[in-house]
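The chain contents come next:
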Amino acid sequence: MSIAAELATSTELAGAKPFLVRRAAVLGAGTMGSRIAAHLANAGIPSLLLDMVQENASQEHRRNHLAESAISALAKTRPAAFYDSSLAALISPGNFADDLPKLAACDWVVEAVAENLEIKTALLNKVVSHLAPHTLLTTNTSGLPIGRIAMALPSHRRSFFGTHFFNPPRYMRLVELIPTAETDPALVAAFAAFVDRILGKQVVFANDTPNFIANRIGVAVLFDAGNLMHEQGLTPEEVDVLTGPAIGWPRTGTFRLADLVGIDVLAHVAANFPEGAPRGPFTQILAELVKRGWIGDKAGQGFYKKQRGADGKEDRLVLDPATFEYRLAAKPTIPTLEAAKNATRLPERLKILLAGNPAHDKAAAFLLPLLCRLWNFAAERIGEAAPDAPSIDRAMRAGFNWELGPFEMWDAAGVAESVARMKALEFPVSVSVARLLDHEPQTATWYSQHGPQCFSPVTGHWEPIRPQPGHASVADFRRSHGVVRFNPGASLIDLGDGIACIELHSLKNAIGGDVLGMISSTLNPSSDAVRNFTAFIISGDRDNFSVGANLLDLLLLAQEAEWEELNAIIHSFQQMTAAIKFCPRPVVAAPFGLTLGGGAEICLHAARRQPHAETYMGLVEAGVGLIPAGGGTKEMLLRAVDAAVALAPPDPRDPPSRFAQSAELAAAMKRSLETIAMAKASTSAAEARTLGLLSPPDRITMNRERLLLDAKAAASALDAAGYIPPQPRTRIPAAGTAALGALETGIFLMGEAGFASEHDQKVARWAAYILAGGRITPGTLVSEQYLLDLEREAFLSLCGEHKSQERIAHTLKTGKPLRN
């Protein structure tokens with residue numbers, strides 16, 4: 001058994017404590033190295049970023065130029081490399097000539113210089129003498145042989161292995177770990193726990209084979225797609241739409257992905273493949289593109305490029321691989337793809353797309369050979385590149401953002417049915433799948449329907465799938481503990497230990513009547529759920545927590561002037577968020593991905609928030625010409641009041657008007673107004689904290705797979721501490737007319753400077769009106785309900801505005817905001 005296989009299957013090693021990394025060093029300040037340093041900073045780990053001393057850089061302040069330039073470039077990187085720009089201070093620049101002795105203070109040193117065996121081994125030979133005995137040393141590579149690099153090391157081989165971060169490291173979830181025959185498995189297991197828990201990555205153990213797992217399979221299928229395009233006379237646009245969301249792959253498809261990754265990078269990865277892999281006409285196409293310098297987005301052109309047309313609009317052009325000339329990109333029309341769109345689940349879509357006759361159906365003609373080659377190729381990698389099928393599936397989901405890994409996809413399409421088609425079309429059939437069919441002729445699935453196990457063609461038996469401690473999904477508990485309550489928009493799932501989860505599963509997790517009803521009735525103090533459970537979580541398994549309220553329902557009601565019904569809906573929304581806030585049991589919101597509008601308001605009212613690091617949260621209602629009316633504006637005022645009190649505690653003997661007119665409250669209200677009126681959405685959970693959307697006790701989870709159990713632990717801790725729900729506040733000192741005047745002046749000046757349209761200003765004035773408590777005397781004591789009434793008044797007024805209705809309609813149609 002290889003060390004990778006031992007690590008993948010050992011229950012004992014799975015429970016390893018994370019390796020302690022107090023300080024790290026990254027050798028190489030290129031794109032990958034600098035971004036690894038940035039993600040270390042995201043995790044709160046200081047690092048040393050070293051690179052060469054440039055020629056003629058004799059002056060001391062220029063010796064760190066490469067590393068300093070890389071750190072400066074990180075601040076401008078899009079998408080952002082840092083959770084918050086202030087984290088750049090955790091990276092210290094240096095150089096190989098002066099700063100190698102500083103490595104003695106580092107717990108982990110990762111080399112990330114050019115993908116060249118000689119360059120890597122030469123640098124590592126200089127490095128090892130400076131390392132402390134406990135230091136882990138890794139080489140970051142997309143496919144070079146780790147064993148050959150290790151053989152060149154004079155020492156430190158026991159604590160040396162390969163890492164393969166995917167670019168950009170902040171966003172790409174996969175890290176492949178590649179031990180050598182001399183690596184201590186316990187050290188790799190401890191480091192894997194660090195990467196999982198602290199850096200938030202999906203760890204997959206790979207054997208030391210060319211390009212490891214994900215690149216080996218992902219680049220092979222990309223070459224297959226390119227060769228099939230050539231053979232079948234398809235266009236790049238047709239291939240991209242066939243290899244996109246229709247089959248559970250990203251929207252980039254094949255050739256947009258090639259441009260994004262870099263065509264030169266793909267050519268380099270392909271050069272690492274063993275004899276017999278990937279070849280064909282696509283190899284020549286790539287070589288010509290590299291020769292011309294058309295290497296993708298970083299060069300401004302590759303398979304696609306953008307060009308401004310005569311009308312001033314930006315046109316997207318696509319390469320004709322036969323002539324190497326560009327033409328306007330066209331939207332492909334493939335009838336089977338249109339039919340498959342009606343299927344909401346991927347297994348159904350796959351069966352529709354593969355069912356056609358290849359002689360007459362363009363989708364089947366392309367996808368049948370593509371997927372059959374993928375499945376065969378992946379099956380042959382079991383025991384060679386990867387220990388087992390689940391490792392391959394995890395690698396492809398996390399490294400290439402596939403919805404299903406190859407074997408999960410094969411099960412969904414039907415293994416026996418697809419093999420029958422393969423034989424009928426005279427496609428080769430892997431020996432590995434033949435062993436599966438011999439072993440399980442009736443069910444013929446890679447994954448067992450009777451518990452967590454997967455067929456291994458290496459052993460010829462079902463092998464247990466080792467659970468990863470701390471990882472869980474709502475679906476896991478739905479299977480093991482069952483559904484307590486259900487409606488089309490949401491479910492209540494028993495998580496065990498007295499904790500239940502409210503899961504949203506409406507279209508895009510939009511908040512409509514079903515969601516409002518489920519949350520309000522579940523958290524009602526007299527409900528069975530409150531009697532039977534000790535705490536609740538609001539979370540789910542989808543890509544996004546919630547896009548907010550159901551805008552289509554709101555628009556139709558506004559257009560039909562159904563004001564009473566609209567008022568009732570907003571009142572129901574406010575009752576729902578109040579049920580969250582005042583529930584006798586603690587409610588923990590565990591958001592992830594897009595958490596917008598009403599989704600953010602749900603979180604604001606929870607007893608605690610446990611967001612995933614990649615949570616993009618914001619009260620964005622102003623973008624559609626509205627204000628947060630589910631209690632969001634009210635909660636932002638309460639946060640402003642509490643922040644001002646913390647900065648300058650008022651003297652109890654002073655009248656409320658003194659605090660209401662304080663500079664501290666004015667500044668806090670101004671920040672809240674900016675967050676609402678500018679529809680600010682965070683680019684991370686860390687930034688959500690700076691926007692006032694998270695509270696100091698809220699903890700952030702780095703790994704999406706750990707979010708549910710982290711939230712469950714937070715809910716249990718609140719219950720164990722003797723949770724007492726808050727009472728509705730009735731003595732909130734309103735800032736009143738004085739603050740409102742100042743806020744409205746600022747809004748007017750924003751308009752005069754061209755930063756806010758007339759309608760932007762109208763929306764902002766309503767938000768300011770609520771935050772000030774209306775046009776009342778400063779210091780007047782108001783209640784939460786009073787502020788909620790102001791929210792409803794403002795919301796209904798703005799719903800009646802034609803420009804707000806235009807904004808809503810435009811957003812529903814295009815997914816983008818309208819500035820009118």
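Preceding block: the structure.
Below or above, wherever it landed, is the structure these notes cover. A quick note: this is a predicted structure, and the numbers were derived from the prediction, not measured.

### As for the overall build of the chain
Per the secondary structure count, the chain includes 34 helices and 23 strands. In terms of overall dimensions, the chain has C-alpha extents of about 80 × 70 × 65 Å along its principal axes. Counting across all 820 residues of the chain, residues that qualify as buried make up 55%. Sequence separation of 24 or more characterises 70% of the internal contacts of the chain that already satisfy a separation of 6 or more. Summing over all exposed atoms, the chain offers an accessible surface of approximately 34300 Å²; the carbon and sulfur share of this is 54%.

### Quick look at the sheet that holds strand E3 (residues 91–95)
In space, the eight strands of this open sheet follow the order E3-E2-E1-E4-E5-E6-E7-E8, with mixed pairing throughout. In this open sheet, the two edge strands, each paired with only one partner strand, are E3 and strand E8 (202–205). With strand direction ignored, the average angle separating the axes of adjacent strands in the sheet is 25°. Pairing geometry for strand E1 (residues 24–27) and strand E4 (residues 108–111), over four bridges, is parallel. Paired with Leu 27 across the strands is Glu 111, a residue of E4.

### Quick word on the sheet that holds strand E17 (residues 535–539)
As a general point, the strands of a sheet are linked pairwise by backbone hydrogen bonds and lie either parallel or antiparallel. Across the sheet, which stays open at both edges, the six strands sit in the order E14-E15-E16-E17-E18-E20 with mixed pairing between neighbours. One side of each edge strand has no neighbouring strand; the edge strands of this open sheet are strand E14 (483–487) and strand E20 (608–609). Across three bridges, the pairing between E17 and strand E18 (residues 587–589) is parallel. Bridge pairing links Ile 538 to Ala 589 in E18.

### Points about the packing of helix H21 (residues 513–523) against helix H24 (residues 563–582)
Interhelical geometry of H21 versus H24 gives an angle of 40° and a closest axis separation of 9 Å. When the axes of H21 and H24 are compared, the pair comes out oblique. Between H21 and H24 lies a crossing whose hand is left-handed. In this structure, H21 uses Leu 516, Ile 519, Ser 520 and Leu 523 to contact H24, whose residues at the interface are Ile 569, Ser 572, Phe 573, Gln 575, Met 576, Ala 579 and Ile 580. Partitioned by chemical class, the residues of the contact of H21 with H24 number eight nonpolar, three polar and no charged.

### Overview of unusual backbone geometry
Geometrically, the link from Arg 78 to Pro 79 is a cis peptide bond, its omega value of 0° lying close to zero. Residue placement: Pro 79 occurs in the loop between helix H4 (65–74) and E3. The amide bond that connects Asn 167 to the next residue, Pro 168, takes the cis arrangement and shows omega of 0°. Its location among the elements puts Pro 168 in the loop between strand E6 (160–165) and strand E7 (174–179). Its identity is not glycine, yet Lys 508 carries a phi of approximately 60°, on the positive side. Assessed through its relative accessible area of 61%, Lys 508 is described here as exposed. Positive phi is not limited to glycine here, since Asn 509 has a value of about 55°.

### Here's the deal with the pattern of salt bridges
This model, assessed by the stated rule, comprises 39 salt bridges. Arg 373 is paired through a salt bridge with Asp 224; the nearest N and O atoms lie 3.9 Å apart. In this pair, Arg 373 is assigned in helix H15 (residues 362–381) and Asp 224 in helix H8 (residues 214–232), connecting sequence segments 149 residues apart. Across the pair Asp 789 and Arg 792 runs a salt bridge, and its minimum N-O distance is 3.3 Å. Separated by three residues within a single helix, Asp 789 and Arg 792 lie in helix H33 (residues 784–799), roughly one turn from each other.

### Thoughts on the state of the cysteines
Going through the model one piece at a time under the given rule, you end up with zero disulfides. There is no disulfide at Cys 454, and the cysteine sulfur nearest it, in Cys 372, is 19 Å away. When its relative accessible area of 3% is taken as the criterion, Cys 454 is described as buried.

### Some thoughts on the environment of Leu 437
By the element assignment, Leu 437 lies in helix H19 (residues 431–439). Residues Leu 437 and Arg 197, 240 residues apart in the sequence, show an inter-C-alpha distance of 38 Å. The contact partners of Leu 437, leaving out residues within four places of it in the chain, are Val 415, Ala 416, Val 419 and Ala 444.

### Some remarks on the side chain of Ser 757
Looking at where Ser 757 falls in the secondary structure, it is placed in the loop between helix H31 (736–752) and helix H32 (758–771). When its relative accessible area of 16% is taken as the criterion, Ser 757 is described as buried. Here the side chain of Ser 757 touches Asn 820 through a polar contact of 2.8 Å, landing on its backbone oxygen. Sequence-distant contacts of Ser 757, that is, excluding residues within four places in its chain, are made with Arg 807, Arg 819 and Asn 820.

### Concerning empty space enclosed by the protein
The tally for this structure, following the rule as stated, stands at four cavities of 30 Å³ or more. Computed from the structure, the largest cavity encloses a volume of approximately 140 Å³. Lining the largest cavity are 14 residues; nearest its centre among them are Val 221, Trp 249, Gly 253, Thr 254 and Leu 257. Ranked by the residues each element gives to the lining of the largest cavity, the list is headed by H8, at four residues. Residue composition of the lining of the largest cavity, by class: nine nonpolar, five polar and no charged. In this structure, the second largest cavity occupies an estimated 50 Å³ of space.

### Here's the deal with the environment of Leu 346
Within the secondary structure, Leu 346 is located in helix H14 (residues 346–354). Judged by relative accessible area, which is 2%, Leu 346 ranks as buried. Between the alpha carbons of Leu 346 and Gly 248 there is a distance of 6.5 Å; along the sequence they are 98 residues apart. Look past the residues within four positions of Leu 346 in its chain and what remains in contact with it is Ala 246, Ile 247, Gly 248, Glu 403 and Leu 404.

### Examining the nonpolar core
Residues Leu 103, Phe 303, Phe 407, Trp 410 and Trp 446 are the most contacted members of the largest nonpolar core, which totals 112 residues. Per-element accounting of this core gives the leading share, 13 residues, to H15. Residues within four places of Trp 410 in sequence aside, it is in contact with Trp 375, Asn 376, Ala 379, Val 415, Ser 418, Val 419, Met 422, Val 433 and Trp 446. By size, the runner-up hydrophobic cluster in this structure holds 104 residues, among which are Leu 673, Ala 715, Ile 732 and Leu 740.

### Re H19
For H19, the full list of buried residues reads Ser 432, Val 433, Leu 436 and Leu 437. End-on, the buried residues of H19 take up no more than an arc of 140°, which puts them together on one face. Pointing more than 90 degrees away from the buried face of H19 are the exposed residues Val 431 and Asp 438. Packing partners of the buried residues in H19 comprise H15, helix H17 (406–413), helix H18 (415–424) and strand E12 (453–456). For H19, the capping residue at the N-terminal end is Ser 430, with a side-chain oxygen 3.0 Å from the backbone nitrogen of Ser 432.

Definitions and cut-offs
- Residues numbered from 1 in each chain as written.
- Predicted model: local features only at pLDDT ≥ 70, side-chain atom pairs only at ≥ 80, totals over all residues.
- Heavy atoms only, no water.
- Helix = DSSP H or I, 4+ residues; strand = E, 2+ residues; numbered from the N terminus.
- Buried < 20%, exposed > 50% of the residue type's maximum accessible area, 1.4 Å probe, protein only.
- Contact = heavy atoms within 4.5 Å.
- Areas by Shrake-Rupley, 256 points an atom, 1.4 Å probe, with all protein chains shown as cover.
- Pairing = 2+ DSSP bridges.
- Axes fitted to C-alpha atoms, helices over the stretch in contact; angles between N-to-C directions.
- Parallel < 35°, antiparallel > 145°, perpendicular 65-115°, else oblique.
- Left-handed = near helix turned anticlockwise from the far one by under 90°.
- Nonpolar A, V, L, I, M, F, W, Y, C, P; charged D, E, K, R; others polar.
- Salt bridge = Lys/Arg side-chain N within 4 Å of Asp/Glu carboxyl O.
- Disulfide = S-S within 2.5 Å.
- Polar contact = N/O pair within 3.5 Å; in protein donor to acceptor, adjacent residues only side chain to side chain.
- 1 Å grid on protein atoms, 1.4 Å probe; cavity = no way out; pocket = protein on both sides within 12 Å on 5 of 7 lines; lining within 4 Å.
- Points joined across faces, edges and corners; volume = space filled by probe spheres on them.
- Core = buried A, V, L, I, M, F, W, Y, C linked by side-chain atoms within 4.5 Å.
- Arc of directions from axis to C-beta.

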